[in-house]
Amino acid sequence: MAGVAPTIAISPEVARLAEAVVDLRRTLHRWPELGFHETRTSTLVTERLQALGLEVRTGIAQTGVLGILRGDAEGKTILLRADMDGLPIEEASGVPYASQNRGVMHACGHDGHTAILLTVANVLAQRRRQFSGTVKFAFQPAEELPPGGAKGMIEEGVLKDPRVDAAFGLHLWNGLPVGKIGVDEGPIMASVDRFDIVINGVGSHGAYPHTGVDPIVVGSHIVAALQTVVSREVPPLAPVVVTVGKFQGGTAFNVIPSQAELSGTVRTIDARIREEMPARIERIVRGVTSGMRAEYAFNYAFGYPVTVNDVNRAQFARQVAGAVVGNANVVSAGMTMGAEDMSYFLEAVPGCYLRLGSGNPDQGLIHPHHSALFNFDEAALPIGVELLTQLTLAYLSGWD
Ligand SMILES: [Zn+2]
Ligand SMILES: [Zn+2]
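Just so it is clear, the model here is predicted, and its values are computed rather than measured.

1. What to know about the coordination of the zinc ion (ligand 1)
Bound to the zinc ion (ligand 1) are the protein donor atoms Cys 108 (SG), Glu 144 (OE) and His 370 (NE2), situated 2.0 to 2.3 Å from the metal. Considered as a linear motif, the donors of the zinc ion (ligand 1) on their single chain read C-x35-E-x225-H. In this model, the zinc ion (ligand 1) sits 3.1 Å from the zinc ion (ligand 2), the two metals being bridged by Cys 108. Placement of Cys 108 in the loop between strand S3 (77–83) and helix H4 (110–126) and of Glu 144 in the loop between strand S4 (134–140) and helix H5 (150–155) is noted, with a sequence separation of 36 residues between them. On the basis of relative accessibility, which here comes to 8%, the residue Cys 108 falls in the buried class.

2. Focus: the sheet that holds strand S16 (residues 351–359)
Strands sit in the order S1-S2-S4-S3-S5-S16-S6-S15 across an open sheet of eight strands; the sheet is mixed. A strand with exactly one partner marks an edge of an open sheet, and here the two such strands are strand S1 (55–60) and strand S15 (330–331). Both strand S2 (residues 64–70) and S4 contribute to a ladder of six bridges, which runs antiparallel. Looking at the pairing, Ile 68 lines up with Lys 136 of S4. Each of S3, S4, strand S5 (166–177), strand S6 (181–182) and S16 touches helix H10 (residues 380–396); the most contacted strand, S3, lies at about 160° to it.

3. Points about the state of the cysteines
Any covalent bond linking the sulfur atoms of two cysteines counts as a disulfide. Under the criterion given, the structure shown has zero disulfides. Note on Cys 352: no disulfide assigned, nearest cysteine sulfur contributed by Cys 108 at a separation of 18 Å. The class for Cys 352 is buried, based on a relative accessible area of 0%.

4. Points about the sheet that holds strand S10 (residues 240–249)
Spatially, the four strands line up as an open sheet ordered S10-S12-S8-S13, and their pairing is antiparallel. Looking along the sheet, the strands with just one partner apiece sit at the ends: S10 and strand S13 (295–302). Strand-to-strand, the axes of this sheet are offset by a mean angle of 15°, without reference to chain direction. As paired strands, strand S8 (residues 191–200) and S13 are joined by eight bridges and run antiparallel to one another. Across the sheet, the residue bridging to Val 198 is Ala 297, located in S13. Against the sheet, helix H6 (residues 215–233) engages S8, S10 and strand S12 (259–268), with an angle of about 175° to S10. Set on the sheet, helix H7 (residues 271–291) makes contact with S8, S10, S12 and S13; between it and S13 the angle comes to about 170°.

5. A look at the packing of aromatic side chains
If you walk through the whole model with that rule in mind, you get six aromatic pairs. Relative to Tyr 395, the ring of Phe 316 lies with its centre 6.3 Å away and its plane at 65°, an arrangement referred to as edge-to-face. Of the two residues, Phe 316 is situated in helix H8 (residues 311–325) and Tyr 395 in helix H10; the sequence distance between them amounts to 79 residues. You can call Phe 316 buried: its relative accessible area is 3%. Through a chain of ring-to-ring contacts, the aromatic side chains of Phe 168, Phe 316 and Tyr 395 assemble into a single cluster. Over the aromatic face of Trp 31 sits the side chain of Arg 40, whose NZ or CZ is 4.1 Å from the ring centroid.

Cut-offs applied
- Residues numbered from 1 in each chain as written.
- Chains lettered and ligands numbered in written order.
- Predicted model: local features only at pLDDT ≥ 70, side-chain atom pairs only at ≥ 80, totals over all residues.
- Heavy atoms only, no water.
- Donors = N, O, S within 2.8 Å, 3.2 Å for Na, K, Ca; no water.
- Helix = DSSP H or I, 4+ residues; strand = E, 2+ residues; numbered from the N terminus.
- Buried < 20%, exposed > 50% of the residue type's maximum accessible area, 1.4 Å probe, protein only.
- Pairing = 2+ DSSP bridges.
- Contact = heavy atoms within 4.5 Å.
- Axes fitted to C-alpha atoms, helices over the stretch in contact; angles between N-to-C directions.
- Disulfide = S-S within 2.5 Å.
- Phe/Tyr/Trp six-rings, centres within 6.5 Å; stacked < 30°, edge-to-face > 60°.
- Lys NZ or Arg CZ within 6 Å of the ring centre and 35° of its normal.

Next up, the structure:
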């Protein structure tokens, strides 16, 4: 493991666990599991939390786990969240602790998130006499698999009993070098929705197109026309993405099929623009298909909402992050059109989602999240532990 830069303030309790958190991350990395199938992972999380003396609730939203740590006296309740799932990717990183679960990989860093949060639970359990209030540790399933695990955990009551006052979480971020922490106010990640279109034409011989209605030609016009939603219908300064990621139809080079299917994703950061998107897209689909004698079926499903950091909580988190890595290393990580189901927690409770620098070009740790070559600088792990520990202690002592 690379040495932590000397400017970083790691407390003795966290420093003592610096190697353990790396070992834990590697253990988790060896056995990644897909969303809602995190059985080994959630068993490990449950056993560790129980060993620390926490109250533990299991089987939330299928494989989710909630650890509850009560301090020395009544006080506020803070929720810290980690996601546990891997991705359907065959790992190609070549690390000695690579995935042993074929075709599944921790390619987003959720192994690191789980290891960090379990280690924070360890540190805070040792210090439970030093704070008032309650800490909830939420280990959620299926961040990568909409509808995701966060929504189900909230529906099953993780924000109640006791009621949660603030929610925080972090994502390892290879776009930032290790030692830096990204803190931003307001929207930081997009909403993600899905649409599916079935175009019904009339199949015929490829040599006699006039005897049929070609759904592939109709679909091609729909793909092209949908580009005008972004370029001509929404304000140029409002970030919106409409991507058709799937276009299927036909079985032979000389046959006009009777049906084609399109599926795509819509990303926005503005709730009102988002609300209008189903009607805008369907209008174009309806116009193109009717103009070309075809018929259609259209479905639009709203997915994760925009991830929005509360302004005050973000400012609070920035101060804490500055105390850990130095103010010069607390930066903006900017807005992305990626999405996160941490958004559901932040929609329900004001809080802040932080991005923890984990890239290291000198060590070749530059591959993007979701790459088969993905890995991150493990020196970020103790920084993450320190950050969430200090955030919790500061929040529960009334400093926000
Ligand atoms: Zn991811
Ligand atoms: Zn992720």
